[in-house]
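These are the residues of each chain, in order.
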Amino acid sequence: MKLPLGGKRGKELDEEIESHVRMAIRDRMERGESAEEAEANARREFGNAGVVREVTQDAWGWRWLENLAQDVRFGLRMLGKSPGFTSVAVLTLALGIGANTTIFSWIHSVLLNPLPGVGEANRVVALETLTPDGNWVPTSYLDFRDLRDNCKLVESMSVAKPMDLAVGNDVNIERVWGEVVSGNFFELLHVQPELGRFFTTAEVDHEQNTHALAILSHSFWMSHYQADPRVIGATVRINHFPYTIIGVAPAAFHGSMPGLTFDMWAPATMYGQLSSTGDATLRDRKWRTFRVLARLAPGDSIEQARDEVKSIAKRMAVADADTNDGMSATLLPMWKAHYGIQESLVGPFSILMAACGVLLLIVCANVGNLLLTRATTRQKEFSLRLALGAPRSRLIRQVLTESLLIGTGGMLAGLEIASLLLGSLGFLLPRSSTPSLTRAPIDTSVLLFAIAVAFATAMIAGAAPAFQAAKGNVNDALKEGGRTGASARSRRLRGLFVVSEMALAMVALIGAGLFVKSFIRLSEIRPGFDPEHVAIANLDISAANYNAEQADSYSQRLREQLERQPGVADVSYADYVPLGVNNGSWEDLEIRGFVPAPGENMKIYRTLAAPGYFELMKIKVLQGRDFNLKDDMTALPVMIVNEEFVRRFIPNGTAIGRQVNGWGKWFTIVGVVQDSKVYRLTEAPTPYFYVPIRQIYRPEMGLVFYVRTSGPMDGAILGIRRAAQAVDPAVPVFEATSLDDIIAGSLFGQRISASLLSVLASVALLLAAIGLYGVMSYSVEQRTNEIGIRVALGAQPRDVLRLVLSDGARLAGFGVAGGALAGVVLTRLLSSLLFGISATDPFTFGEVAILLTGVALLACAIPALRAMRVDPMVALRYE
Amino acid sequence: MKERYRNRIELLQGTLDLLVLQTLRWGPQHGYGISQAIRANSGEILRVDTGSLYPALHRLEVEGWIAASWKVSENNQRVRVYRLTAAGKKHLAAERSRWAQLSDAIAGVLNPGGEESEA
């Protein structure tokens with residue numbers, strides 16, 4: 001049996017053997033042998049030094065293992081003897097480890113390992129275009145080509161655009177999330193096909209709309225083709241066009257967006273066909289629609305590459321000033337990229353991980369306390385073993401082994417908890433238009449994390465009891481006879497544990513309180529429109545290959561169909577849902593009578609709206625009129641702007657009748673509406689404008705139907721689905737929900753923080769209460785004699801109650817004070833994530849202090865009541 | 001059950017342990033010294049193989065019956081010196097009485113005398 005052994009010990013053994021031989025040589029020489037003879041004989045007599053070394057090392061190895069096996073056997077037996085203690089300790093640990101493992105695996109799957117299945121993923125970065133005012137936007141295909149061809153520090157670049165695809169025939173259309181990508185996409189990501197082949201560069205960059213090829217994800221292949229290898233060469237209908245399947249991606253690969261899962265890939269040159277935009281997108285520099293991925297060249301840092309990208313973008317801003325004036329570009333690591341869910345999750349995840357750390361410390365203190373109590377009651381056993389010659393180190397190891405056994409149990413149960421909780425993130429995410437969340441797997445790194453956490457917790461929790469056990473004085477412990485005594489030191493230590501637990505729980509509760517209040521304030525913000533009783537449905541009209549006229553007539557028919565449905569009060573449509581996850585579109589505007597400052601951002605966001613939109617949304621028209629059915633392709637272009645637009649650009653004179661240029665046309669402002677929130681509930685008023693959807697038609701644009709209903713929401717949502725099916729089954733409804741849900745979804749980052757922090761803080765509070773209860777009831781038990789004497793000497797039950805409660809209150813008081821201090825320091829880190837509440841909000845601090853004190857007194861009440869019932873006769877008879 | 005099994009087969013190993021512990025009763029000693037002492041005290045009959053001695057020393061050390069430390073010998077050489085611990089003394093006493101029982105038992109088997117009538 002060979003075990004890896006420390007080099008120091010091996011060297012010492014060599015030295016020991018060498019000294020043996022030298023002494024033998026010296027003795028032989030003293031007896032008259034010559035130096036050579038003596039050396040040869042001594043070495044022969046010693047035998048094969050290598051073998052001696054080996055068998056001696058075996059002695060260490062086996063002994064080490066045997067001791068361990070013995071400790072484990074003994075530990076298991078001891079734990080089995082006190083099932084109550086064991087289950088409480090294991091459960092406590094399981095809670096801590098389960099929570100930590102869950103959050104870690106989320107962080108791991110979204111931030112640390114954002115692109116599973118991708119080779120050398122840390123070299124893959126995101127390229128983002130920046131507007132003059134520093135906002136990030138997608139990149140146009142032509143800009144991408146210029147950047148790709150000129151950037152030397154980047155090995156390769158690829159576009160990738162998430163698209164919802166209508167897959168299947170007329171009878172059965174399914175909405176599938178896919179990406180349209182460059183030919184080198186898979187090569188850039190270092191992904192090998194599981195079956196068939198991936199795209200080639202030729203299939204992407206040259207001819208437009210000629211390479212109708214598709215690659216399936218592993219899971220789509222499994223679920224739709226039963227993993228049949230004959231799928232290669234088969235045809236799949238995407239948005240009604242036939243596509244040839246050429247390959248299947250490996251199971252580990254989910255696409256190029258952190259945390260999200262895609263099921264199909266098609267060449268970016270097919271974007272025009274799939275989105276019914278012809279080839280305009282790929283020829284128009286203004287059509288910023290693609291994400292760009294880049295792989296850094298070997299040896300180059302992201303900073304160097306970013307500088308290069310910036311300088312190229314600067315040259316482009318001059319060369320293509322008509323479209324790119326003031327624009328720039330940057331490179332970001334995947335986890336910092338804006339396209340995807342990771343941005344909204346970085347904040348909540350860091351907070352949650354910190355809260356989990358706090359919870360874990362409480363768990364440590366609690367289990368440490370339990371072990372300490374046990375160590376005290378087992379003092380006699382330990383002293384006996386010491387008296388019988390067991391080395392102290394052996395006792396320390398015994399206690400730590402037991403602690404590690406509990407840790408192992410806690411880890412197994414914790415992993416079980418984690419595997420149940422992993423999917424729960426999906427419920428907290430908005431149900432709206434994002435691809436499904438990749439289920440965070442329990443993989444090697446997560447497993448290693450759980451093991452490390454369990455080990456660290458067990459060692460920390462076991463440290464104090466282990467030394468307590470080893471310190472035991474043989475004589476003292478045995479002299480106490482049958483009674484088990486707790487030393488003053490151990491009592492102080494336990495007090496300290498409880499105080500830190502209370503303090504940590506206080507910090508966790510303050511954090512949770514702040515987030516809950518901040519979330520409530522956020523939800524109370526009025527969006528400027530009335531989302532109640534409004535059902536919305538996203539329709540994928542690009543799937544039906546409509547031209548402008550067909551799309552218009554489709555919308556009219558659907559509107560009429562919906563208006564006939566019972567309970568429907570109002571119907572309208574637009575190309576956009578406010579406060580949804582999609583970023584809107586903007587247009588460069590020129591406003592007659594307004595001279596922009598040099599470099600002023602005139603890219604103004606807009607919505608294409610149908611008549612009746614403002615009435616349905618209850619957005620007040622302050623001046624002028626709403627759009628009407630006469631505002632169509634043949635009529636003069638008209639525009640409605642919001643209050644902030646007027647404040648900014650038309651401070652003097654009347655807004656109505658003012659001319660504004662966009663899309664190369666002059667629009668006349670016919671109305672002014674009140675401000676409403678568009679992207680975030682927390683945004684400041686922003687200039688915004690609306691144009692009739694019938695005057696600016698884009699085949700790839702979204703089409704969203706709005707229905708205000710007096711009936712139940714579910715019925716209204718189902719009604720839209722039925723109506724759409726009746727008007728044209730070729731147009732899939734891919735998202736039908738209530739506007740309220742959309743707004744709730746826009747707060748999902750805050751909601752995750754608030755709800756999960758509340759859960760964690762409640763667990764922390766519960767554990768701290770259990771810890772306090774344990775210490776108090778143990779202390780009452782220890783002081784039964786003293787209380788008995790007090791009662792015998794005339795103390796009233798009230799006095800006994802006060803005695804115990806004041807003890808508990810003192811511990812809780814220290815905890816609350818410590819927690820408040822720590823809270824003041826720590827919550828400052830949260831201020832950027834809070835809304836409408838100060839990080840040191842005195843009310844939250846006060847409420848949490850009261851709650852914690854209340855729970856602490858409750859935890860002390862049971863032991864206190866027990867103390868009150870102490871019968872002095874019984875208590876004194878113990879002596 | 002297992003304990004009894006071990007007692008039976010580990011007799012010889014236990015004997016070497018006994019010899020080592022007994023030798024260390026007279027004071028701390030290094031490995032070479034122990035082997036020389038056992039040899040001298042047994043009238044040159046027992047020659048302890050180094051391949052058995054060193055594993056035994058290290059095993060006894062792990063058990064906590066002897067403790068080792070590095071000392072400088074009279075010849076200015078660094079040597080590893082073993083001494084008997086308190087636990088080792090107790091163990092030695094137990095082993096000695098076991099050895100006495102054992103040798104009585106063996107003697108009894110080899111010289112069946114007074115007990116024949118009972119058989």
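Draft legend 1. Structural context of the overall build of chain B. Looking only at helices and strands, one finds five helices and three strands in chain B. The order of α-helices and β-strands along chain B, N terminus first, is α-α-β-α-α-β-β-α. Scored against the burial criterion, the 119 residues of chain B give a buried share of 26%. Counted over contacts in chain B with a minimum sequence separation of 6, partners at least 24 positions apart contribute 48%.

Draft legend 2. Molecular detail of the environment of G580 of chain A. Residue and element names in this part refer to chain A. Structurally, G580 is set in the loop between β14 (568-574) and β15 (585-588). Residue class for G580 comes out buried when judged on the 25 C-beta atoms lying within 10 Å of it. Through-space distance from the C-alpha of G580 to that of I743 is 6.9 Å; in sequence the pair is 163 residues apart.

Draft legend 3. Here's a closer look at the pairing of strand β21 (residues 665-673) of chain A. Residue and element names in this part refer to chain A. Sheet topology places strand β18 (residues 621-624) next to β21; three bridges connect them, and they run antiparallel. Looking across to β21, one finds that G624 is bridged to G671. When strand β19 (residues 638-642) meets β21, the two strands line up parallel, connected through five bridges. Note on β21: the bridge partner recorded for V641 is V672. Pairing geometry for strand β20 (residues 659-662) and β21, over four bridges, is antiparallel. Paired with G662 across the bridge in β21 is K665.

Draft legend 4. How the structure looks around the sheet that holds strand β1 (residues 29-30) of chain B. Residue and element names in this part refer to chain B. Spatial ordering of the open sheet is given by β1-β3-β2, a layout of three strands whose pairing is antiparallel. With partners counted over all chains shown, the strands left at the sheet margins are β1 and β2 (66-72), one partner each. Across seven bridges, the pairing between β2 and strand β3 (residues 78-84) is antiparallel. Bridging across to β3, A67 finds its partner in R83.

Reading the values: the criteria
Residues numbered from 1 in each chain as written. Chains lettered and ligands numbered in written order. Predicted model: local features only at pLDDT ≥ 70, side-chain atom pairs only at ≥ 80, totals over all residues. Helix = DSSP H or I, 4+ residues; strand = E, 2+ residues; numbered from the N terminus. Buried ≥ 20, exposed ≤ 12 C-beta atoms within 10 Å, placed from the backbone. Contact = placed C-beta atoms within 7 Å. Pairing = 2+ DSSP bridges.

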